[in-house]
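Spelled out, the chains give:
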Amino acid sequence: MKKLISLMVSMVMIFGSVSFASNYNNQLNNVNKNIKNVKDEIKDKQNVVKDINKIILELDAKIDESEQKISVIQNDIAKTQAEIDVTQKEITKLEDNIDTNTDLLGSRLRVMYRTSDIDYFQILLNSSDMEELLSNMTMIKKIVKNDKEILADLKEQKDSVETKKISLQKEEKRMSTFKASLESEQKVLEKNMQEQNSNKQMVVKDIEKLKQMEDALIKEANDLQSKIRELQKTKGIGGNYKGGVMAWPVSGGGRVTSSFGYRIHPILKEKKLHTGMDIAAPSGTGIF
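Keep in mind the model is a prediction, meaning the values are calculated, not measured.

What counts as what
- Residues numbered from 1 in each chain as written.
- Predicted model: local features only at pLDDT ≥ 70, side-chain atom pairs only at ≥ 80, totals over all residues.
- Heavy atoms only, no water.
- Core = buried A, V, L, I, M, F, W, Y, C linked by side-chain atoms within 4.5 Å.
- Buried < 20%, exposed > 50% of the residue type's maximum accessible area, 1.4 Å probe, protein only.
- Helix = DSSP H or I, 4+ residues; strand = E, 2+ residues; numbered from the N terminus.
- Contact = heavy atoms within 4.5 Å.
- Patch = residues over 30% accessible without salt bridge, like charges linked within 9 Å, V, L, I, M, F, W, Y side chains within 5 Å.
- Areas by Shrake-Rupley, 256 points an atom, 1.4 Å probe, with all protein chains shown as cover.
- Salt bridge = Lys/Arg side-chain N within 4 Å of Asp/Glu carboxyl O.
- Lys, Arg positive; Asp, Glu negative; His and termini not counted.
- Charge placed at Lys NZ, Arg CZ, Asp CG, Glu CD.

Novice: Tell me about the nonpolar core, and name the residues and values.
Specialist: If you look at the biggest cluster of nonpolar residues, it comprises 22 residues, and the most contacted ones within it are Val31 and Ile35. Among the elements of the structure, helix 1 (2-117) and helix 3 (130-233) are those that each provide at least two residues to this core. Those residues in contact with Ile35 that lie beyond four places of it in its chain are Leu217, Ile218 and Ala221. One finds Leu94, Ile98, Leu151 and Val161 within the second-largest nonpolar core, a separate group that totals six residues.

Written as structure tokens, this is what we have:
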């Protein structure tokens, strides 16, 4: 009777251990599935980061191009403004010359006007002879004619310079408008850049959280494997369990592509614990 009870207790312990081991195996399978899901999600997030980095590089290149254009047009505006200043000085100088020559012409015309009103007798008195009188009158007329020609030439030059100034001012306005448009586009690009950087930071944070989740799941998987191994030892209760030799799980050989232990993760590119052994073999190879 005692032997029967002892055998029943042993069987209960064995089957209980097997039951627990089976339960742990189910949990382990679920954890491994979760690990795979997390790894897939990490990979997806990293692809998102790659896409964002590509967009950021494109935006950065466009911003650089925009800055170069703004710099060039700013220099052009400065040169045009300098030309406008020069033409304004030319206009001021021509205006001064016109005023001076206008005053001179007015003075000479007044002299001629006064001379034309003088009695011939008085002119004769003031002139040594008639020849001198006529000579003086002719000289004044020539000077006045020359003054008029100079004045007309100065006015023509002034009109030409003013036309040039108007043209330069229009060009400056056009370039200023273009510059404002470039600066507006650049602000949009910089705003997009900020948004992309913000999105990238959020995704990177998500990746860090997923990595922490993966580490926690790997730890949980290791704990479950330890519990399973402990429970498997209890199968020897009531007898001497001698164990056995594990067979190579792939028929026809195969090769180990990644061993158990720490390695550089192929996706995360950082040191991670590889909780299994990867064996490569042709498609359709039997697994034991």
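Novice: Would you mind going over the environment of Ser251 in detail, with residue names and values included?
Specialist: You can see Ser251 is positioned in the loop between helix 3 and strand 1 (255-258). Once the C-alpha coordinates of Ser251 and Gly286 are considered, the two residues, 35 residues apart in sequence, prove to be 5.4 Å apart.

Novice: Could you give an account of a negative patch on the surface, naming the residues involved and the relevant values?
Specialist: The grouping of Asp60, Asp64, Glu67 and Glu190 at the surface amounts to a negative patch. With three residues, helix 1 is the single largest residue contributor to the negative patch. Its location among the elements puts Asp64 in helix 1.

Novice: Just give me the short version of the pattern of salt bridges, but keep the residues and values in it.
Specialist: For the coordinates displayed, the defined rule picks out seven salt bridges. Its salt-bridge partner being Lys69, residue Glu65 comes within 3.6 Å of it at the nearest N-O pair. Placement of the pair is Glu65 and Lys69 together in helix 1, with a separation of four residues, close to one helical turn. A residue is classified by how much of its surface remains accessible, and Lys69, at 40% relative accessible area, is partly exposed. Notably, a salt bridge pairs Arg174 with Glu171, separated by 2.7 Å at the nearest N-O pair. Here Arg174 pairs with Glu171, and both are found in helix 3, just three residues apart, close to one helical turn. Note on Glu171: relative accessible area 31%, which makes it partly exposed.

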